[in-house]
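# Architecture and fold: a report
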Amino acid sequence: MLYTGRALKRLRLTRGIKQSHVAEFLNVTQATVSRWETGVLIPAEDQQAALEHLFGRPASTADAAIKRLVETSTARVHLICDHSHRLLAASPARRAEWWRDMLGTPMFRYASEGIQQAEGTLQDAGWYDGQTPSIVVETGPNGRDDVPIVAGRVLWERIPLADGAAGRLVTTLT
């Protein structure tokens, strides 16, 4: 399929994906994605292949179920892309902690020092190889009012997504 113009925009919106996420996935600028959607530019052959990977498969019912479970959970929980840290879903309890809708936003910039340190240990712990499917992290406070993180413990669980990427389910324990 040739991913250009209105078709690309329609697919992107139907899947609930922001232009910035498509741009990050294809390693182009958001302006380039916008130009594709308006028909000013046509994606190159390798970019078409990447778009096929991103949009070529129907939305996974398993991914939709995970998102629905997160979004209806009474726990303080959210799901991020394990690679980009973009927010994919959040429970009402988690969303109530934030001053604005964070869906699609890279969350790592809000990480406390404890979270950043834990992130740095994941490679050696076998996180990305699937050897460690979950880990408990001491958060420490981040000192922010807009997306506050208080000292406590969270459970990180690595979840495979239908597009081959991994999600990280983050659940507050204390």
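Just so it is clear, the model here is predicted, and its values are computed rather than measured.

Rules used throughout
All chains use their own residue numbering, which begins from 1 and follows the written sequence. Two thresholds apply to this predicted model, a pLDDT of at least 70 for residue-level local features and 80 or more for giving and counting side-chain atom pairs, whereas whole-chain, interface and lining totals are computed over all residues. Here the side-chain values reflect all heavy atoms present in the structure, with hydrogen atoms and water set aside. Classification of ring pairs rests on two measures: the distance between centres of Phe, Tyr or Trp rings, Trp counted by its six-membered ring, which must be within 6.5 Å, and the angle between planes, read as stacked under 30 degrees, edge-to-face over 60 and tilted in between. Helix and strand assignments follow DSSP, with helices taken as H or I runs no shorter than four residues and strands as E runs no shorter than two, numbered in order from the N terminus. Put simply, a charge is over a ring when the Lys NZ or the Arg CZ is close to the ring centre, within 6 Å, and near the line of the ring normal, within 35 degrees. For this document, the term salt bridge refers to a Lys or Arg side-chain nitrogen within 4 Å of an Asp or Glu carboxyl oxygen. Categorising residues by exposure relies on relative accessible area from a 1.4 Å probe, with only protein chains included: less than 20% of the type maximum marks a residue as buried, more than 50% marks it as exposed, and the intermediate range marks it as partly exposed. We define a nonpolar core as any set of buried Ala, Val, Leu, Ile, Met, Phe, Trp, Tyr and Cys residues linked to one another through side-chain atoms lying within 4.5 Å. Should any heavy atoms of two residues lie within 4.5 Å, those residues are counted as being in contact. Whether two strands pair depends on DSSP finding at least two bridges between them. For this quantity, the arc is that covered by the directions from the helix axis to the C-beta atoms. Interaxial angle, 0 to 180 degrees, is taken between N-to-C directions of lines fitted to C-alpha atoms, where a helix line uses only the stretch in contact.

### Concerning the packing of aromatic side chains
Summed over the entire model, instances satisfying the criterion amount to one aromatic pair. Ring plane angle 65° and centroid distance 6.5 Å describe the contact between W127 and W156, whose orientation is recorded as edge-to-face. Of this pair, W127 sits in the loop between α7 (113-121) and β3 (134-138) while W156 sits in strand β4 (residues 153-160); the two residues are 29 residues apart in sequence, bridging distant segments of the chain. Positioned above the aromatic ring of W156, the side-chain terminus of R168 is 4.3 Å from the ring centre.

### Points about the pattern of salt bridges
As enumerated under the stated definition, the model contains nine salt bridges in all. Between R76 and E97 there is a salt bridge, with its nearest N and O atoms 2.4 Å apart. Linking R76 in the loop between α5 (61-72) and β1 (77-81) with E97 in the loop between α6 (92-95) and α7, this pair joins segments that are 21 residues apart in sequence. Put simply, R153 and E138 hold a salt bridge, and the shortest N to O gap is 3.3 Å. Linking R153 in strand β4 with E138 in strand β3, this pair joins segments that are 15 residues apart in sequence. Overall, the relative accessible area of 34% leaves R153 in the partly exposed class.

### Let's talk about the nonpolar core
Core analysis: the largest hydrophobic core is formed by 12 residues, namely Y3, L8, L11, I17, V22, A23, L26, V33, W36, L51, L54 and F55. Setting aside residues up to four positions removed in sequence, W36 forms contacts with T4, G5, L8, L26, V28, L41, I42, P43, Q47 and L51. Core analysis: the next-biggest nonpolar cluster, separate from the first, contains nine residues, L122, V137, W156 and V170 among them.

### Some remarks on the pairing of β1
In terms of residue burial, β1 counts as a mostly covered element, since five of its five residues are buried. Residues of β1 alternate between two faces, with V77, L79 and C81 on one and H78 and I80 on the opposite face, all of them buried. In this sheet, strand β5 (residues 166-172) lies alongside β1 in antiparallel orientation, the contact comprising five bridges. Bridge pairing links L79 to L169 in β5.

### So, helix α3 (residues 30-38)
Within the span of α3, buried status applies to T32, V33, W36 and E37. The buried side chains of α3 occupy one side of the element, clustering within an arc of 140° when seen end-on. Downstream of α3 by one or two residues, G39 has phi in the positive range, about 85°.

### Thoughts on the sheet that holds β3
What the five strands build is an open sheet, ordered β2-β1-β5-β4-β3; its pairing is antiparallel. The open sheet has two free edges, formed respectively by β2 (87-90) and β3, since each of these has just one partner strand. The mean angle between the axes of side-by-side strands here comes to 25°, regardless of whether they run parallel or antiparallel. Bridge count between β1 and β2: three bridges; the pairing is antiparallel. The residue of β2 that forms the bridge with L79 is A89. α5 rests against β1, β2, β4 and β5 of the sheet, and its axis sits at about 50° to β2. Relative to β3, α7 is tilted by about 145°, and along the sheet it contacts β3, β4 and β5.

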